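Reading the structure
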Amino acid sequence: MKTIPPSQVELGMFVHKLEGSWLKHPFWKSRFLLDDPETLADLRDADIRGVVIDVSKGRDVAPAQPQVRRVFTPPIPGATTARRPAPLRQRAAPDFASTARTGMNREFGQAQTVAKRGEKLVSQMFLSSRLGKAVDAGAVEPVISDIFASVQRNPHAFNGLMRCKRDNQFIYQHALAVSALMISLGRAMKLAPAMIRHAGMAGLLLDVGIGHLPLNLDEYGGDYREFGDAILRNHTTLGYDYLQLGGDIPEEVALVALQHHERMDGTGYPMGIKGEQISLLSRMAAVCDTYDMLVTDSSRKRGLDPATAIVEMQEMTGKFDPAVLAAFIEAIGAHPVGSVVRLASDRLALVVDQDPIDHRQPRVRTFFSLNTGKMVKPEDIALAHCFGRDRIVGQADPEAYGIKDFDKLRLRIFTAACKAAS
């Protein structure tokens, strides 16, 4: 291993690690063979301290460059330098295998691990917010990286888990769900890696202002939707002001906390701006935030079925950026994971995965017969490949058929389907 300045990196070198803030470079992977001139140019321009190369896997530094050293000369005392984020916590750098596409069955377990770690960090972050401590971008980075890697390996496992797993405080689940949805949407829109990274961070932090409202969140079971609009509206400006205090949260991320309730027709808040006056990440967040709000139960009403929520959002004329909403539907599917559908065979089924080619024909797992009115032995059906043997004919509400406590059953069905997938 050798540490060299970015300016001395050459094609053919194997990059083992990038030394510096993940906010300052466009690379998700930190271990790769450098064989592309465009990537080389991006790396040399990146705002990082150094590059660790593995000479056993790639080209070594040319002997004619004696100035290469393992330890860099520190900045000259008193010199003016740009403010940089605090050093990130050391963590193992992922390799290419860590983001290779995997099936739902393999990624489900990893998604559960990511969710548990994420919930713990988000809980700590909101507690710090209440205490007035600035958000540390370095502390948020592991969660964003883990969610991104999960979405890379399987675009629907983590989002599906967030839809089916609703056994923690709403504020923590919502932050993780919106972050994952923002990453999935960014990928569908083919945004640059750095922009997708900011999208994930924005999703995680967009409601951080909730902790600064003059109410005790615990008294409402962690569900701030019970606060009432008059008080809740203040969380946007409070969140934006708070994120600016830390100094290392990108402005485009902080702006999402301010603008995610703005609407394209100018009917949103806090400023009532419209159209492209709203930042792109904020327009994305408006879609992802609204969707997760609609599908999540509250003390006042049950959440909508995911597919029903999509239809309802399409009917909110003028509220969302049409291109962003179309990309969102493409990302999560016309029948998102967690939806309950009625099949032509007069059975109810849970959508458990998406087909990579046809998002209107997902993989489903049957659980109830409309003819007998009873639960049935589950069958997994890949509708895009069943040659017309069955098909979706509409959405279904399990409670309308006498199925009680379906949220618990939903998670059991989803878990069983993930374990059974090949």
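See above for the structure.
Residues numbered from 1 in each chain as written. Predicted model: local features only at pLDDT ≥ 70, side-chain atom pairs only at ≥ 80, totals over all residues. Heavy atoms only, no water.

1. A few points about the pairing of strand β5 (residues 340-343)
Across 3 bridges, β5 lies against strand β6 (residues 347-353) in antiparallel orientation. Each bridged residue has a counterpart across the sheet, and for Arg342 the counterpart in β6 is Leu348. The hairpin turn running from β5 into β6, its antiparallel successor, is 3 residues long, and Asp346 in that turn takes a positive phi close to 60°. Where β5 meets strand β10 (residues 392-395), 3 bridges bridge the pair, whose relative direction is antiparallel. Pairing of Leu343 across the sheet is with Ile392, part of β10. (Pairing = 2+ DSSP bridges. Helix = DSSP H or I, 4+ residues; strand = E, 2+ residues; numbered from the N terminus.)

2. Some points on the packing of helix α4 (residues 157-164) against helix α5 (residues 170-188)
Remark: α4 packs on α5, axes separated minimally by 10 Å, with the N-to-C direction vectors making an angle of 150°. Our classification of the angle between α4 and α5 gives roughly antiparallel. Relative to α5, the crossing made by α4 is left-handed. Touching Phe158, Asn159 and Met162 of α4 are Gln173, Leu176, Ala177, Ala180, Leu181 and Ser184, all from α5. Across the contact of α4 with α5, the residue classes break down as 6 nonpolar, 3 polar and no charged. (Axes fitted to C-alpha atoms, helices over the stretch in contact; angles between N-to-C directions. Parallel < 35°, antiparallel > 145°, perpendicular 65-115°, else oblique. Left-handed = near helix turned anticlockwise from the far one by under 90°. Contact = heavy atoms within 4.5 Å. Nonpolar A, V, L, I, M, F, W, Y, C, P; charged D, E, K, R; others polar.)

3. Focus: helix α10 (residues 280-295)
For α10, with 16 residues, the first-to-last C-alpha span of 23 Å sits near the 22 Å given by 1.5 Å per residue. The buried count for α10 comes to 15 of 16 residues, which makes it a mostly enclosed element. (Expected span 1.5 Å × (residues − 1). Buried < 20%, exposed > 50% of the residue type's maximum accessible area, 1.4 Å probe, protein only.)

4. Quick notes on the nonpolar core
In this structure, Phe367 and Phe414 are the most contacted members of the largest nonpolar core, which totals 90 residues. Per-element accounting of this core gives the leading share, 11 residues, to α5. Residues in contact with Phe414, not counting those within four places in the same chain, are Met104, Phe108, Ala157, Gly160, Leu161, Cys164, Val337, Leu350 and Val352. Of all hydrophobic cores here, the second largest spans 14 residues; its members include Phe32, Leu40, Ile53 and Val61. (Core = buried A, V, L, I, M, F, W, Y, C linked by side-chain atoms within 4.5 Å.)

5. Description of the pattern of salt bridges
For the coordinates displayed, the defined rule picks out 13 salt bridges. The salt bridge involving Arg153 is made with Glu107; its shortest N-O contact spans 2.6 Å. With a gap of 46 residues between them, Arg153 in helix α3 (residues 137-153) and Glu107 in helix α2 (residues 104-130) connect regions that are remote in the sequence. The same class applies to Arg153 and to Glu107, which are both buried. Here the residues in one salt-bridge network are Arg347, Glu379, Arg389 and Asp390, joined through shared partners. (Salt bridge = Lys/Arg side-chain N within 4 Å of Asp/Glu carboxyl O.)

6. Structural notes on empty space enclosed by the protein
A water-sized probe rolled over the atoms picks out the places where empty space is left. Taken as a whole and assessed by the stated rule, the structure comprises 2 cavities of 30 Å³ or more. Taken as a whole, the largest cavity spans an internal volume of roughly 150 Å³. Taken together, 16 residues make up the lining of the largest cavity; nearest its centre are Asn159, Gly160, Arg163, Leu181 and Tyr291. Mapped onto the lining of the largest cavity, the elements with two or more residues apiece are α4, α5, α10 and α12 (322-332). Element by element, the count of residues in the lining of the largest cavity is highest for α4, at 4 residues. Here the lining of the largest cavity is built from residues that sort into 10 nonpolar, 3 polar and 3 charged. When its volume is computed, the second largest cavity comes out at roughly 30 Å³. If you go around the second largest cavity, the residues you meet are Glu262, Arg263, Met264, Ile278, Ser282, Arg283, Ala286, Lys319, Phe320 and Asp321. (1 Å grid on protein atoms, 1.4 Å probe; cavity = no way out; pocket = protein on both sides within 12 Å on 5 of 7 lines; lining within 4 Å. Points joined across faces, edges and corners; volume = space filled by probe spheres on them.)

7. Details of the side chain of Ser179
Note on placement: Ser179 falls in helix α5. Owing to a relative accessible area of 0%, Ser179 belongs among the buried residues under this scheme. At 2.8 Å, the side chain of Ser179 and the backbone oxygen of Gly200 are in polar contact. In this view, Ser179 contacts Ile144, Ile147, Gly200, Gly203 and Leu204; residues no more than four positions away in its chain are not counted. (Polar contact = N/O pair within 3.5 Å; in protein donor to acceptor, adjacent residues only side chain to side chain.)

8. Structural notes on the packing of aromatic side chains
What the rule picks out here adds up to 3 aromatic pairs. Seen from their ring centres, Tyr291 and Phe328 are 5.2 Å apart, and the 65° between their planes marks the pair as edge-to-face. A residue pair is termed long-range when its members are at least 10 positions apart, and Tyr291 in helix α10 and Phe328 in helix α12 qualify at 37 residues. Seen in terms of ring centroids, Phe367 and Phe406 are 5.5 Å apart; in terms of plane orientation they differ by 35°. Their pairing is tilted. (Phe/Tyr/Trp six-rings, centres within 6.5 Å; stacked < 30°, edge-to-face > 60°.)

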